[in-house]
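Geometric and topological summary
In case you want the letters, here they are:
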Amino acid sequence: MENEWQIDLKLPDIGAMATLLATSICSAILGAAEIAYTMVWITAAYERHGKSFFIDLINANDLTWTAEFIVVAGSLLLLSSIVFLITMFYSLVELNALRKPEKTVRMNIVFILFIIGLILLFIALTSALILRYM
């Protein structure tokens, strides 16, 4: 008689579904935008400097400013985009697992990955500004 008024509808957690979906969409957009932005940097440097730019990237002894900029900031941006794409994948996996009523969602992992991606993005853009105006 103690659970007389309790109704069990077995609905999934709507808040978690919205959060995971928003996180996966934002992560996908950020990851794709970072990859595209890095490719624009590399293409612009190649158009400006020609084939000597790729030789500067291979020769690590005397990097020009542009090659140093691409190596440091571009590597951080690509690393950040990889973290964002992993975040997207993991949040979609958790969203799929949410349909089971007994499944608990590990949102902490999703948020930690997203924050790591944002920190790497901030470091990449800060290093780009430092390299540009140094």
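Before reading on, note that the structure itself is shown above.
The following paragraphs examine the structure supplied in this document.

Some words on the nonpolar core
- With 14 residues, the main nonpolar core has W41, F69, I70, L77 and A128 as its most contacted residues.
- Secondary structure elements with two or more residues in this core: helix 1 (14-49), helix 3 (65-97) and helix 4 (107-132).
- If one sorts the elements of this core by residue count, helix 3 sits on top with 6 residues.
- Apart from residues lying up to four places away in sequence, F69 is in contact with W41, G74, A128 and L131.

A word on the packing of aromatic side chains
- If you walk through the whole model with that rule in mind, you get 2 aromatic pairs.
- Summarising the aromatic geometry, the rings of Y37 and W41 are spaced 4.9 Å apart at their centres and angled 50° between planes, so their arrangement reads as tilted. Of this pair, Y37 and W41 both sit in helix 1, 4 residues apart, which is roughly one turn of that helix.

What about the side chain of S27?
- Mapping S27 onto the fold places it in helix 1.
- Among the polar contacts made by the side chain of S27, one reaches the main-chain carbonyl oxygen of T23 at a distance of 2.8 Å.
- Ignoring anything within four residues of it in the chain, the contact list for S27 reads F84, T87, M88 and F114.

Thresholds applied
Residues numbered from 1 in each chain as written. Predicted model: local features only at pLDDT ≥ 70, side-chain atom pairs only at ≥ 80, totals over all residues. Heavy atoms only, no water. Core = buried A, V, L, I, M, F, W, Y, C linked by side-chain atoms within 4.5 Å. Buried < 20%, exposed > 50% of the residue type's maximum accessible area, 1.4 Å probe, protein only. Helix = DSSP H or I, 4+ residues; strand = E, 2+ residues; numbered from the N terminus. Contact = heavy atoms within 4.5 Å. Phe/Tyr/Trp six-rings, centres within 6.5 Å; stacked < 30°, edge-to-face > 60°. Polar contact = N/O pair within 3.5 Å; in protein donor to acceptor, adjacent residues only side chain to side chain.

Scope: geometric values only; no functional claims are made or implied.
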